[in-house]
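Descriptive analysis of the structure
Given next are the chains, with one letter for each unit.
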Amino acid sequence: MTNAPCSSRRLNYQYFLMQMGFWAMFAAICAYQTALLLGRGFSNGQVGLILSMRCLSGIIFQPALGGFADRHPSLPIKRIVALSMSLSFCANLALMQTRPGLAGTIVLFIIMGGFEISSYPLVDAMAIQYISAGIPIRYSLGRGLGSLSYAACCILLGYLVKRFGVESALVLHGILIVVEIVIVTAYPTFRAVSPAKYTPAGDPPHSIPALLRYNRRFTLMLAAILLGMTGIIPVSNFLVNIIVDRGGTASDLGLGLSLMTSSELVTAFFFPRLRCRLGSGRVVVLSLAFCGVKVLALLLSPCLAAVYLAQPLQMLGYGLFTPISVFYTNESVPPADRVRGQTIMMVASNGMGGVLGNLLGGRAVDCFGVNGMLLCSLACCMAGTALGLFSLRLRDGQIPVFE
């Protein structure tokens, strides 16, 4: 039970706004981060290293923030998110004011990435709290609207970069961080009845090793997701290289990214029915398979127009993975571990997948060119799909209460 502070409709609208603000903010730094770093004189390999460190920081920060939220259920999650965004704003401001070289840039990207990437599982958890309490939050639609705002921000960025240069992305990013802090702060606080107490039939939170050790299906699916994200993430982060290789320019990146992310809005309309029909596990595997299909389409694309035509495949690939990973995790771990479970999922996907994918992508572009990178990405996606299929055949163990 929960003391709902406002109507379900108003709660949904505010959650939609929070998702839209978050993904617009995320687009402002992620969409042109490769072009920004290349413009500051870094090589593709160095760019891959910087972006990998950004993702690695999420691996370090997320378990800490997720565990803290689980251990302090009386503390509103939105306060943790707002503080994280404030620290990211400080790092963004420092990056705007200085050109600190490789080591300094890595430090600032670690701060921005660590707190922004770590915040998203908590944004998801803010919806899951109400969903678990029986209040209908239209999560998939909110995520789709977030993708639409990402696309709109990419179009705006394309205009700003063309007129003011790639450094303008940092200005927009800073503005949108402040906007998201305001939105998050205004979101209604979830208040559960006796949040710090467990019923006799309930279990206390388990450790991360216990969750992974006794839930073999979930653990193996995480490994499959890690491989799939290692394949698909560099395709997005090094999309500017693909576009230039196929005859475009850096300013064409905004349209390519907008086509990619706007297609995710379509996912919101068929996602609930697909999930009910196939089940969460099968939909996760389906999304990994279509990540591979998209990579293959880009590999075979002969020109810029073909690259653009391949972008809507995102709706069945990463666009489908993002909402289904939340529901799959929610169904795969005990109720007391759901915040921690979402954190583990984000670490395996955008965290470790981002680290390995960016290192692989940057190195592959330098050594083998764009097509070499795409071949490596395709291999990872295929391996992830195969491992995901195998995970569906496993049975889970019982997690001991004392873990």
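Residues numbered from 1 in each chain as written. Predicted model: local features only at pLDDT ≥ 70, side-chain atom pairs only at ≥ 80, totals over all residues. Heavy atoms only, no water.

1. Remarks on the overall build of the protein
On a plain count of helices and strands, the protein comes out with 16 helices and zero strands. Taken over the C-alpha trace, the protein has a radius of gyration of 20 Å; the compact-globule value for 403 residues is 22 Å, and the two agree within 12%. Projected onto its principal axes, the C-alpha positions of the protein cover 65 × 45 × 40 Å. Per-residue burial for the protein yields a buried fraction of 58% across its 403 residues. Taking the intrachain contacts of the protein between residues at least 6 apart in sequence as the baseline, contacts between residues at least 24 apart amount to 86%. (Helix = DSSP H or I, 4+ residues; strand = E, 2+ residues; numbered from the N terminus. Rg over C-alpha atoms; globule rule 2.2 N^0.38 Å. Buried < 20%, exposed > 50% of the residue type's maximum accessible area, 1.4 Å probe, protein only. Contact = heavy atoms within 4.5 Å.)

2. A few points about the packing of aromatic side chains
For any pair of aromatic rings, the description rests on two quantities: the centre-to-centre distance and the angle between the ring planes. According to the stated counting rule, one finds 12 aromatic pairs in the structure shown. Considering the side-chain rings of F22 and F26, the 5.6 Å spacing of their centres and the 20 degrees angle between planes classify their relative orientation as stacked. Placement of the pair is F22 and F26 together in helix α1 (residues 8–30), with a separation of four residues, close to one helical turn. Across this residue pair, the class does not change: F22 and F26 are buried. On the basis of an interplanar angle of 40 degrees and a centroid distance of 6.1 Å, the ring pair of Y318 and F321 is categorised as tilted. Of this pair, Y318 and F321 are both found in helix α15 (residues 318–332), three residues apart, which corresponds to roughly one turn of the helix. Each member of the pair, Y318 together with F321, is buried. Here the aromatic residues F22, W23, F26, Y120 and Y150 are joined through ring pairs into a cluster of three or more. (Phe/Tyr/Trp six-rings, centres within 6.5 Å; stacked < 30°, edge-to-face > 60°.)

3. What about the nonpolar core?
In this structure, Y32, M229, I242 and L374 are the most contacted members of the largest nonpolar core, which totals 115 residues. Beyond its immediate chain neighbours, meaning those up to four positions away, L374 contacts V235, I242, R246, V295, L298 and L299. Judged by nonpolar contacts, the second largest core, of five residues, contains F16, L145, L265 and A268. (Core = buried A, V, L, I, M, F, W, Y, C linked by side-chain atoms within 4.5 Å.)

4. Things to note about α1
Spanning 23 residues, α1 covers 32 Å between terminal C-alpha atoms, matching the ideal 33 Å at 1.5 Å per step. Across the 23 residues of α1, 17 count as buried, placing the element largely inside the fold. (Expected span 1.5 Å × (residues − 1).)

5. Some points on helix α5 (residues 101–132)
Here α5 is 32 residues long and its end C-alpha atoms lie 46 Å apart, about the 46 Å a rise of 1.5 Å per residue gives. Two residues or fewer after α5 comes G134, characterised by a positive phi angle close to 90 degrees.

6. Things to note about empty space enclosed by the protein
Over the atoms rolls a probe the size of a water molecule, and its path tells where empty space is left. According to the stated counting rule, one finds three cavities of 30 Å³ or more in the structure shown. Around the largest cavity sit 25 residues that line it, and F26, Y150, S236, N237 and Y318 are the ones nearest its centre. Contributions of two or more residues to the lining of the largest cavity are made by α1, α3 (44–71), α6 (139–164), α9 (216–237), α11 (253–262) and α16 (338–391). No other element matches α9, which puts four residues into the lining of the largest cavity. Within the lining of the largest cavity, the residues separate by chemical class into 13 nonpolar, nine polar and three charged. Volume-wise, the second largest cavity comes out at about 170 Å³. (1 Å grid on protein atoms, 1.4 Å probe; cavity = no way out; pocket = protein on both sides within 12 Å on 5 of 7 lines; lining within 4 Å. Points joined across faces, edges and corners; volume = space filled by probe spheres on them. Nonpolar A, V, L, I, M, F, W, Y, C, P; charged D, E, K, R; others polar.)

7. Structural notes on a nonpolar patch on the surface
Judged by side-chain polarity, L93, M96, V171, I175 and V179 come together as a nonpolar surface patch covering roughly 380 Å² of accessible area. Going through the elements one at a time, α4 (77–97) and α7 (168–186) are the ones with two or more residues in the nonpolar patch. Looking at the nonpolar patch, the element that brings in the most residues is α7, giving three residues. On the accessibility criterion, M96 (34% relative accessible area) is partly exposed. (Patch = residues over 30% accessible without salt bridge, like charges linked within 9 Å, V, L, I, M, F, W, Y side chains within 5 Å. Areas by Shrake-Rupley, 256 points an atom, 1.4 Å probe, with all protein chains shown as cover. Salt bridge = Lys/Arg side-chain N within 4 Å of Asp/Glu carboxyl O.)

8. Remarks on the pattern of salt bridges
Counted by the stated rule, this structure contains four salt bridges. Between E167 and R99 there is a salt bridge, with its nearest N and O atoms 3.4 Å apart. Taken together, the residues E167 in the loop between α6 and α7 and R99 in the loop between α4 and α5 connect sequence positions 68 residues apart. Given a relative accessible area of 57%, R99 falls into the exposed group. Close ionic contact of R275 with E331 constitutes a salt bridge, the shortest N to O distance being 2.9 Å. Placement of the pair is R275 in helix α12 (residues 264–278) and E331 in helix α15, with a sequence separation of 56 residues. A residue is classified by how much of its surface remains accessible, and R275, at 23% relative accessible area, is partly exposed. Within this structure, R40, R99 and E167 form a network of salt bridges that share partners.

9. Remarks on the confidence of the model for the protein
With 92% of its residues at a pLDDT of 70 or more, the protein shows a mean pLDDT of 83. Contacts of residues 194–201 to residues separated by more than four positions or lying in other chains number six contacts, the stretch itself having pLDDT below 50. Confidence drops under pLDDT 50 across residues 397–403; counting only partners more than four residues distant or on other chains, this segment forms 18 contacts. (pLDDT = per-residue confidence, 0-100.)

10. Describing the layout of surface pockets
One number sums up the size of the second largest pocket: a volume of about 240 Å³. Considering the residues around the second largest pocket, the lining is formed by 13 residues, among which R138, Y139, S140, F271 and P272 are closest to the centre. At the level of elements, α6 and α12 are the ones that each hand at least two residues to the lining of the second largest pocket. When its residues are assigned to classes, the lining of the second largest pocket shows 10 nonpolar, one polar and two charged.

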